[in-house]
Amino acid sequence: MMAEEIPVLNLSEWKDGNEADKASFAKKVNDICHNVGFFIVIGHNVPKEYTEETFAMSRKFFALPTEQKALIDKRKSRHFRGWEEIGSELTNNRVDVREQIDMWTDLEPHPADIVPHYLRLRGRNQLLPESVLPGFHNTVDKWVSSVAELGDELLKVLSASLELPENTFDNFFGPERQSLTKLIHYPPSPEGQFGVNAHKDSTFLTILTGDVSGLEIQTASGDWIGVNPPPNSFVVNLGEMMQAMTANYFLATPHRVQTKNERYSVAYFHGPRLETELQEVNVPKKFRDAVAKSSRHRDGRFMARKAETEAGVGDMNSTFKPTVFGEQLWNYF
């Protein structure tokens, strides 16, 4: 499959099907993740009203005066959680034209001076006072819990698609998982700039929904195509760690946002515990042989770290593979 449009998968075929149906579905997912790295999922169990309520809360938050949004300014958090104003974030040393809130899994923090340094990412989210935006955190938390269940189901699908036991990735993720939720507001992209510049996601699995078009992915031919999902669906893409763990059989695909209109999106990045060791799963030989025969897969690279970019390494041309999940995250803070 070398699609010039994003494949749509109905998850009910997996959830409600017999063994033959599930095997057929897993095979489709294998093909998509090997060749495209993105798909749209419908037939999921995330209640539509949860998503609608979260978008409503997101719009209300980003419409607040700056001084109220700054109550949870990310710079106040030693765990890198909270709100960032437009222009605060860089991707590949280029300014992203968006504002956002970063919320990670809420866990008891380690001491501030703990080593290795990546363990300092574990902690509590900053909470917006209830008087400022009543119901904000409860609404978002309810959506996150439901989408996390979808993430767990997709891990089973991905395991089965590699002809591995369904619990392979779920067991790997373990307890105290560290997942990220982003609420994002994009103003119209200025000429020659992007809401978020071209990149690959650094984690494992991303589940995204947006209110208008603007998301684009890079195809195998190098062209950029727009992603226009149907209502009540989610865009799913694989991250660099899934690429690394499958010995480059699955691909993390470059993507970006350039929008003519104001855009809101909510992204959930499904991840394991910080201490998780990043080891390749036992991918069957036929899949490893497929990688060996494809220069696109065999030579697959990763996002360059800041020091690499400054040293002249291309944006997505790093060969560095962290050995621990937290180390991978720490590279981007």
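For the structure itself, consult the block above.
Bear in mind that the values here come from a model prediction, so they are computed numbers and not experimental data. (Residues numbered from 1 in each chain as written. Predicted model: local features only at pLDDT ≥ 70, side-chain atom pairs only at ≥ 80, totals over all residues. Heavy atoms only, no water.)

**Structural notes on unusual backbone geometry**
Counted only if it meets this: Helical segments are the DSSP runs of H or I of at least four residues, strand segments are the runs of E of at least two, and each set is numbered from the N terminus.
Cis rather than trans, the peptide bond between valine 115 and proline 116 has omega equal to 0 degrees. In this structure, proline 116 sits in the loop between β6 (99-104) and α5 (136-161). At asparagine 93, a residue that is not glycine, the phi angle is positive and equals roughly 60 degrees. Looking at the element boundaries, asparagine 93 is found in the loop between β4 (90-91) and β5 (94-95). At alanine 247, a residue that is not glycine, the phi angle is positive and equals roughly 55 degrees. The residue alanine 247 is located in the loop between α7 (240-245) and β13 (255-257) in this model.

**A short note on the side chain of threonine 246**
Condition: Exposure categories follow from relative accessible area, calculated using a 1.4 Å probe and restricted to protein chains: below 20% of the type maximum is buried, above 50% is exposed, and the middle band is partly exposed. Whether two residues are in contact is decided by their heavy atoms: any pair within 4.5 Å suffices.
Note that threonine 246 resides in the loop between α7 and β13. Classification of threonine 246 as buried rests on a relative accessible area of 0%. Those residues within four positions of threonine 246 in sequence are excluded, and the remaining contacts are Leu162, Phe169 and Val283.

**Observations regarding the packing of aromatic side chains**
Applicable threshold: Under the pairing criterion, centres of Phe, Tyr and Trp rings, with the six-membered ring standing for Trp, must be within 6.5 Å; the plane angle then separates stacked pairs below 30 degrees from edge-to-face pairs above 60, leaving the rest tilted. The criterion for a charge sitting over a ring is simple: Lys NZ or Arg CZ within 6 Å of the ring centre, and within 35 degrees of the ring normal.
Scanning the model with the defined rule gives 12 aromatic pairs in all. Aromatic ring contacts, followed pair by pair, group Phe61, Phe62, Phe136 and Tyr264 into a single cluster. Above the plane of the ring of tryptophan 224 lies arginine 256, whose end atom (NZ or CZ) is 4.1 Å from the centre.

**Focus: the nonpolar core**
Definition in use: Nine residue types can take part in a nonpolar core, namely buried Ala, Val, Leu, Ile, Met, Phe, Trp, Tyr and Cys, and a core is a set of them joined through side-chain atoms within 4.5 Å.
Core analysis: the biggest nonpolar cluster contains 88 residues, and Phe61, Leu158 and Phe204 have the highest contact counts within it. Considering every element that reaches this core, the biggest residue donor is α5, with 12 residues.

**What about the environment of serine 145?**
Tracing the backbone shows serine 145 in helix α5. By relative accessible area, serine 145 is classed as partly exposed at 46%. Sequence spacing of serine 145 and valine 46 is 99 residues, and the spatial spacing of their C-alpha atoms is 9.3 Å.

**Some points on the sheet that holds strand β3 (residues 82-84)**
By way of backbone hydrogen bonds, the strands of a sheet pair with one another, either parallel or antiparallel. For the record, the criterion: Being paired, for any two strands, means DSSP has found at least two bridges between them. Axis definition: a line fitted to C-alpha atoms, limited for helices to the stretch in contact. Angles are taken between N-to-C directions and run from 0 to 180 degrees.
Strand order across the open sheet formed by 8 strands is β1-β2-β12-β9-β14-β7-β6-β3, with mixed pairing between neighbours. If you trace the sheet from one side to the other, it starts and ends with β1 (8-10) and β3, each paired once. Within the sheet, the average angular offset between the axes of one strand and its neighbour, ignoring direction, is 25 degrees. Strand direction decides the pairing type here: strand β9 (residues 205-210) and strand β12 (residues 234-238), joined by 4 bridges, are antiparallel. Along β12, the bridge assignment pairs leucine 205 with leucine 238. Contacts from helix α2 (residues 19-35) reach β1, β2 (38-42) and β12, with the element oriented near 155 degrees to β1.

**Observations concerning the environment of asparagine 93**
Judged by relative accessible area, which is 42%, asparagine 93 ranks as partly exposed. A sequence separation of 216 residues divides asparagine 93 from threonine 309, and the C-alpha atoms of the two residues are 7.8 Å apart. Discounting residues that sit within four places of it in the chain, asparagine 93 has contacts with Lys306, Thr309 and Glu310.

**Let's talk about the pattern of salt bridges**
Using the following cut-off: Within this document, salt bridges are pairs made up of a side-chain nitrogen of Lys or Arg and a carboxyl oxygen of Asp or Glu, the two lying within 4 Å of each other.
A complete count under the given rule lists 25 salt bridges for this structure. Put simply, glutamate 13 and lysine 28 hold a salt bridge, and the shortest N to O gap is 3.0 Å. Note that glutamate 13 is positioned in helix α1 (residues 12-15) and lysine 28 in helix α2, a separation of 15 residues in sequence. Close ionic contact of glutamate 163 with lysine 286 constitutes a salt bridge, the shortest N to O distance being 2.7 Å. Of this pair, glutamate 163 sits in the loop between α5 and α6 (168-173) while lysine 286 sits in helix α8 (residues 285-293), and the two are 123 residues apart along the sequence.

**Here we look at α5**
Working note: α-helix, 3.6 residues per turn, so residues spaced by three or four point in the same direction. Cut-off, in case you're wondering: Working rule for helices: expected span equals 1.5 Å times residues minus one.
Over its 26 residues, α5 extends 37 Å from the first C-alpha to the last, a length consistent with the 38 Å expected when each residue adds 1.5 Å. In the segment just after α5, glutamate 163 is the residue with positive phi, at about 60 degrees.

**Let's talk about the sheet that holds strand β10 (residues 215-218)**
Within the open sheet, the 4 strands sit side by side as β8-β13-β10-β11. Their pairing is antiparallel. The open sheet has two edge strands with one neighbour each: β8 (196-199) and β11 (224-226). For this sheet, the mean inter-axis angle between neighbouring strands, taken without regard to orientation, is 25 degrees. Direction of pairing for β10 relative to β13: antiparallel, over a ladder of 3 bridges. Paired with isoleucine 217 across the two strands is histidine 255, which belongs to β13.

**Focus on the pairing of strand β7 (residues 180-186)**
Of all 7 residues making up β7, 7 are buried, and the element is well covered by its neighbours. Burial along β7 is two-sided: Leu180, Lys182, Ile184 and Tyr186 and Thr181, Leu183 and His185, pointing in opposite directions, are all buried. Relative to β7, β6 runs antiparallel, the two sharing 6 bridges. In the strand pairing of β7, tryptophan 104 is matched with leucine 180. Inspection of the sheet shows β7 paired to strand β14 (residues 263-270) by 7 bridges, in the antiparallel sense. Bridging across to β14, tyrosine 186 finds its partner in arginine 263.

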